[in-house]
Amino acid sequence: MKYQSTRNRETSITAAEAIALGLARDGGLFVPDTIPAIGPEDIERMLSMTYQERSVYIMGMFLEGFGKEELTHFAENAYSDKRFDDPRVAPTKKLNEDTFFLELWHGPTCAFKDMALQMLPYFLTASLDKTGETRQACILVATSGDTGKAALEGFCDVPRTKIMVFYPRDGVSDVQKLQMTTQAGGNVGVCSVHGNFDDAQAGVKDIFSDEELREKLSGAGYFLSSANSINWGRLLPQIVYYISSYCDLIGFGAVKNGDPINFCVPTGNFGDILAGYYAKRMGLPVSRLICASNKNDVLTEFINTGVYDRNRPFYTTISPSMDILVSSNLERLLFEVSGKDSGLVAGYMKKLNTEGRYEVTPEIRSQIQADFRCGCCDEDQTRATIGETFREHGYLIDTHTAVAYHVLKEYRRATGDTLPAVVVSTASPYKFCAAVMEAIGKNADADGLTLIDELAEATGVPAPAPLSGLRGREVRFSDCVEKEGMRNVVENFLIR
Ligand SMILES: *Cc1c(COP(=O)(O)O)cnc(C)c1O
């Protein structure tokens, strides 16, 4: 299997090259040129496997040039019990007869990004070897919170890599900030930026396109690389948990092997739900993929009308990881549903860049509507869903997961669809304590660390160790720069 670019289907490179490069030179994203198939016999075989074994089984289908032994080593380390606090890694929990929650936040940073960012460093370093790259990778990340910490944990002390994370000084929660500024490791750097997430992001983009700096870094033995979800190496590990969760539902007796189910996914950059789409294309019996948005409902409009329009207000919400107007991974879906029409996709992306808007053909729209449903959820509905779910079931969910659960309930009410459904649960409620405390009717007037203790006391749900352990940890990184100063920070970090 080779990989091609969404903007040029003639590209043909290996999996290792796609992972090492991250983004295609034409600006497109890499996708596999064929989608491997799984059937009921594969599911049957996976039923008795551990999560690590399931991940080797699935990832191996996409990674020609990587051996089974090698992938087993990756999976055992990335998803070890030193990194994940649940031996099932990504457990599916049963709420009632037809509703399940796939908990993707048992990793070291308590959000679903760990599922991919614990694996990516293994993929990347192996890909450097396979492609004969001799320089060290420097991972640059601009983060609105969850990605930065997950990337720091993933790359911490990984040989032949360094990682530098920029976050907006006033744009992350207390807990998120402490998670980053206390990060351990000899190859890590963290710096805050005056301004908002867009400033940090724009600064990183400027550094990537600074030819002079690239030359200079290359001379010192470094190249710049990205850990965000455009890299195929981040998408692939996410396909596994959809298939694994289906196996778990069979285990519960909720479905028989071959019966269809729905997934409902809280969506921002469209990476998570796109992995679900690939699982469905592989043959997993998924009826609908339900795309849940918060008040930033650009994807709801797109799936309903075929018009993608980023010219709209940007809302800051209590589910900040979904506060996004441009969902990069949608490009991969457009490529797949247009019959791999890379010219058409390149045209849409160009229009998005210049006009902030494009409209897909009616054929593409109906292709998308065949697999996807969608809905959005405002702030009050998000809080109400957390409160209700806790009161009725004693089950505590975070703000992002609540968006998805609300959208699922609305979807069921509107359509009468009674298939078993899995809500993809993307963060520990303890990552968003203030909003969760308010939602269950408690006072949230305290600093982040105090709220962790108060939430545990109010609910009886224990706080994850990586978060409760933040208290008393030494702050290692306190620098704050203007956007223009970011280049210098990177240079000093790499060339001392
Ligand atoms: C990143 C993130 C999302 C959105 O996932 P995408 O792959 O960007 O769609 C949802 N919830 C949480 C908690 C996240 O960190």
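As a reminder, the structure under discussion sits directly above these lines.
Residues numbered from 1 in each chain as written. Predicted model: local features only at pLDDT ≥ 70, side-chain atom pairs only at ≥ 80, totals over all residues. Heavy atoms only, no water.

1. Regarding the overall build of the protein chain
Part 1: In terms of regular secondary structure, the protein chain is built from 22 helices and 16 strands.
Part 2: In terms of overall dimensions, the protein chain is globule-like: its C-alpha atoms have a radius of gyration of 21 Å, near the 23 Å expected for 496 residues.
Part 3: Expressed as lengths along the three principal axes of its C-alpha atoms, the size of the protein chain is roughly 60 × 55 × 50 Å.
Part 4: In the protein chain, buried positions account for 58% of the 496 residues. (Helix = DSSP H or I, 4+ residues; strand = E, 2+ residues; numbered from the N terminus. Rg over C-alpha atoms; globule rule 2.2 N^0.38 Å. Buried < 20%, exposed > 50% of the residue type's maximum accessible area, 1.4 Å probe, protein only.)

2. Overview of the sheet that holds strand β5 (residues 99–103)
Part 1: Taken together, the six strands give an open sheet; going across it, the order is β4-β5-β15-β10-β11-β14, and neighbouring strands pair in mixed fashion. Sheet topology places β4 (92–96) and β14 (372–376) at the edges, where each strand pairs with a single neighbour. Between one strand and the next, the sheet's axes are offset by a mean angle of 25 degrees, whatever the strand orientation.
Part 2: Pairing between β5 and strand β15 (residues 421–425): five bridges, direction parallel. Across the sheet, Glu103 pairs through a bridge with Ser425, a residue of β15.
Part 3: Strands β10 (261–266), β11 (286–293), β14 and β15 of the sheet are contacted by helix α12 (residues 271–282), whose axis makes an angle of about 170 degrees with β11. (Pairing = 2+ DSSP bridges. Axes fitted to C-alpha atoms, helices over the stretch in contact; angles between N-to-C directions. Contact = heavy atoms within 4.5 Å.)

3. A look at the packing of aromatic side chains
Part 1: Counted by the stated rule, this structure contains 20 aromatic pairs.
Part 2: Note on Phe66 and Phe123: the rings are 6.3 Å apart at their centroids and 75 degrees apart in plane angle, and the pair reads as edge-to-face. Placement of the pair is Phe66 in the loop between α3 (51–62) and α4 (68–78) and Phe123 in helix α6 (residues 120–131), with a sequence separation of 57 residues. The same class applies to Phe66 and to Phe123, which are both buried.
Part 3: Judged by centre distance (5.5 Å) and plane angle (5 degrees), the ring pair of Tyr308 and Tyr358 falls under stacked. Highlighted residues: Tyr308 in strand β12 (residues 307–309) and Tyr358 in strand β13 (residues 357–359), separated in sequence by 50 residues. Take Tyr308 and Tyr358: they sit in the same class, and that class is buried.
Part 4: Ring pairing ties together the aromatic residues Tyr3, Phe62, Trp232, Phe270, Tyr277, Tyr278 and Phe372, which thus form one cluster.
Part 5: Stacked on the ring of Tyr405, the Lys or Arg Lys409 has its end atom at 4.5 Å from the ring centre. (Phe/Tyr/Trp six-rings, centres within 6.5 Å; stacked < 30°, edge-to-face > 60°. Lys NZ or Arg CZ within 6 Å of the ring centre and 35° of its normal.)

4. Digging into the packing of helix α9 (residues 197–208) against helix α22 (residues 486–494)
Part 1: Put simply, α9 and α22 touch, their axes get as near as 9 Å, and they point 60 degrees apart. Considering the angle they form, α9 stands oblique to α22. Read as a crossing pair, α9 and α22 show a hand that is right-handed. Where α9 approaches α22, its residues Ala200, Gly203, Val204 and Ile207 are matched on the opposing element by Met486, Arg487 and Val490. (Parallel < 35°, antiparallel > 145°, perpendicular 65-115°, else oblique. Left-handed = near helix turned anticlockwise from the far one by under 90°.)

5. Focus on the site of the ligand
Part 1: Within the structure, the ligand sits among 14 residues, and Lys113, Asp146, Gly268, Asn269 and Thr426 are positioned closest to it.
Part 2: Gly268 has a polar backbone atom sitting 2.7 Å from an oxygen atom of the ligand.
Part 3: At 3.0 Å, a backbone N or O of Phe270 approaches an oxygen atom of the ligand.
Part 4: In the complex, the protein chains occlude 96% of the 390 Å² of accessible area that the ligand would expose alone.
Part 5: A class-by-class count of the residues in the shell around the ligand yields four nonpolar, seven polar and three charged. (Near = heavy atom within 4 Å. Polar contact = N/O pair within 3.5 Å; in protein donor to acceptor, adjacent residues only side chain to side chain. Areas by Shrake-Rupley, 256 points an atom, 1.4 Å probe, with all protein chains shown as cover. Nonpolar A, V, L, I, M, F, W, Y, C, P; charged D, E, K, R; others polar.)

6. Concerning the pattern of salt bridges
Part 1: Counted by the stated rule, this structure contains 26 salt bridges.
Part 2: Glu133 is paired through a salt bridge with Arg135; the nearest N and O atoms lie 2.8 Å apart.
Part 3: According to the relative accessible area criterion, Arg135 is partly exposed, its value standing at 27%.
Part 4: Here Glu336 and Arg281 are joined by a salt bridge, their closest N and O atoms 4.0 Å apart. Note that Glu336 is positioned in helix α14 (residues 330–337) and Arg281 in helix α12, a separation of 55 residues in sequence.
Part 5: Among the residues examined, Glu336 registers a relative accessible area of 8% and is labelled buried.
Part 6: Among the charged side chains, a salt-bridge network with shared partners connects Asp210, Glu212, Lys216, Arg487 and Glu491. (Salt bridge = Lys/Arg side-chain N within 4 Å of Asp/Glu carboxyl O.)

7. A few points about a negative patch on the surface
Part 1: A cluster of acidic side chains, namely Asp174, Asp447, Glu454 and Glu457, defines a negative patch on the protein surface.
Part 2: Tracing the backbone shows Glu454 in helix α20 (residues 448–459). (Patch = residues over 30% accessible without salt bridge, like charges linked within 9 Å, V, L, I, M, F, W, Y side chains within 5 Å. Lys, Arg positive; Asp, Glu negative; His and termini not counted. Charge placed at Lys NZ, Arg CZ, Asp CG, Glu CD.)

8. Some details on the nonpolar core
Part 1: Ranked by internal contacts, the top residues of the largest apolar core, which has 110 residues, are Ile58, Ile239, Ile243, Phe263, Leu334 and Tyr358.
Part 2: Considering each element in turn, this core owes the most residues, 12 residues, to helix α11 (residues 232–252).
Part 3: Beyond its immediate stretch of four places on either side in the chain, Ile58 contacts Ile38, Met46, Ile239, Val240, Ile243 and Met282.
Part 4: Of all hydrophobic cores here, the second largest spans 36 residues; its members include Ala402, Val403, Val423 and Ala444. (Core = buried A, V, L, I, M, F, W, Y, C linked by side-chain atoms within 4.5 Å.)

9. So, α14
Part 1: The buried fraction of α14 amounts to eight of the eight residues, a majority that puts the element mostly inside the structure.
Part 2: Once α14 finishes, Gly339 follows within two positions and takes phi at roughly 70 degrees, a positive value.

10. Overview of unusual backbone geometry
Both trends apply: most residues other than glycine have a negative phi, and most peptide bonds are in trans.
Part 1: Phi at Cys110 takes a positive value of approximately 65 degrees, unusual for a residue other than glycine.
Part 2: Relative to the elements of secondary structure, Cys110 occurs in the loop between β5 and α5 (113–117).
Part 3: For Cys110, a relative accessible area of 1% corresponds to the buried category.
Part 4: Backbone geometry at Lys340 places phi at a positive 60 degrees, although glycine is not the residue there.

Scope: geometric values only; no functional claims are made or implied.
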